[in-house]
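# Structure assessment
Listed below are the residues making up each chain.
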Amino acid sequence: MVNDAHCHFFSTTFFTALAQQGDDPGAHSAESVCRRLGWDAPGDADALADRWVHTFDAHGVSRGALIASIPGDERSVGAAVARHPERFVGFFMVDPSRPDAAERTSHALTELGLRGLCLFPAMHHVPLDDARVHHLVDLAARVAGTAVFVHCGVLTVGVRQKLGLPSRFDLRLGNPLAVSRLAQAHPHTTFIIPHFGAGLLREALMAADVSPNIYLDTSSSNSWMRYQPGLTLEGVFRAALDVVGPTRLLFGTDSSFFPRGWQRGVYEHQVGALTALGTSEADRALILGGNFDRLFAR
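Read on for an overview of the structure. (Residues numbered from 1 in each chain as written. Predicted model: local features only at pLDDT ≥ 70, side-chain atom pairs only at ≥ 80, totals over all residues. Heavy atoms only, no water.)

In this model, Phe258 is joined to Pro259 through a cis peptide bond whose omega is 20°. Relative to the elements of secondary structure, Pro259 occurs in the loop between strand S8 (249–250) and helix H12 (264–276). In this structure, Ala198 takes a positive phi of about 50° despite not being glycine. One can find Ala198 in the loop between strand S6 (190–193) and helix H10 (201–210). (Helix = DSSP H or I, 4+ residues; strand = E, 2+ residues; numbered from the N terminus.)

Turning our eyes to something else, we now look at helix H3 (residues 45–59). Spanning 15 residues, H3 covers 21 Å between terminal C-alpha atoms, matching the ideal 21 Å at 1.5 Å per step. Two or three places before Asp46, at the start of H3, stands the capping residue Asp44, its side-chain oxygen 3.3 Å from that residue's backbone nitrogen. (Expected span 1.5 Å × (residues − 1). Polar contact = N/O pair within 3.5 Å; in protein donor to acceptor, adjacent residues only side chain to side chain.)

The next subject is the state of the cysteines. Scanning the entire structure with this criterion turns up 0 disulfides. Free of any disulfide, Cys34 has its nearest cysteine sulfur in Cys7, 18 Å distant. (Disulfide = S-S within 2.5 Å.)

This part takes up the nonpolar core. Membership of the largest hydrophobic core comes to 66 residues, with the highest contact counts inside it found for Trp52, Phe88, Leu119, Phe196 and Leu249. Setting aside chain neighbours within four positions, we find Phe196 in contact with Leu201, Ala204, Leu216, Asp217, Thr218, Asn222, Trp224, Val236, Phe237, Ala240 and Leu249. Residues Phe14, Val157, Leu250 and Phe257 belong to the second largest nonpolar core, which totals 36 residues. (Core = buried A, V, L, I, M, F, W, Y, C linked by side-chain atoms within 4.5 Å. Buried < 20%, exposed > 50% of the residue type's maximum accessible area, 1.4 Å probe, protein only. Contact = heavy atoms within 4.5 Å.)

The subject of this paragraph is the pattern of salt bridges. Throughout the structure, instances matching the rule amount to 12 salt bridges. Arg264 is the salt-bridge partner of Glu268, the closest N and O atoms lying 3.3 Å from each other. Taken together, the positions of Glu268 and Arg264, both in helix H12 and 4 residues apart, correspond to about one turn of that helix. A relative accessible area of 32% means that Arg264 is categorised as partly exposed. (Salt bridge = Lys/Arg side-chain N within 4 Å of Asp/Glu carboxyl O.)

Structure representation (structure tokens):
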């Protein structure tokens, strides 16, 4: 069984928002952005949800987390989850600096049935110890089965780079050690740090070591390893398994756009690394799907 804990739901709303940030006033449509990128236009949320089901079926993926990848797009993922509740768990991005952040968070969790609050402190320039962040986490903690996803470390958004859009991120704000403080304040809420901390592996492991409700997701190519010469994916998994064990690792790919679809190569690379380490079949089953099902029971 394979469950993917990290997929981006690049909806029409997402591409339209990118179009409006560009410098061509005549190309403010999702279709124009997709043509420029050479990607398929997503259509409506139902059509995109169906396409995700098709790509999951083609690769033997049972379930996955779909992330609304801009603040304010929670309805798109909510529609996908409502259409295929047995296949998808909905995550949504929130900008704590926006005046409607708390209202949107409550609506997404209680009305839309989404289960992952996603914070990007480096992107939104709001430190994790800010009172606005604590308020949002408090709201999430009140809803059983909700996880708080916090992007840490290096942050690059490939689609913005392809479109020549600026990415003025403050990487100083993405320290996993700050997640530990939130996790300790909410010991019954699950926190997820993606990409093994995205370059801050040591800090992510330290945070997870002292906070047993912090999980690490394994998603993407983990190209941040180039910042630590000699580090391999096997070495990353070895360190993570030594500190948090197999029960707090969540497999993910960071898949996003079509026609590429689900990134089987990421899956094969990670399975190869786990196999090279000699991990047991039971431990691989937990990482590749069992932990996801435990956290996000149907």
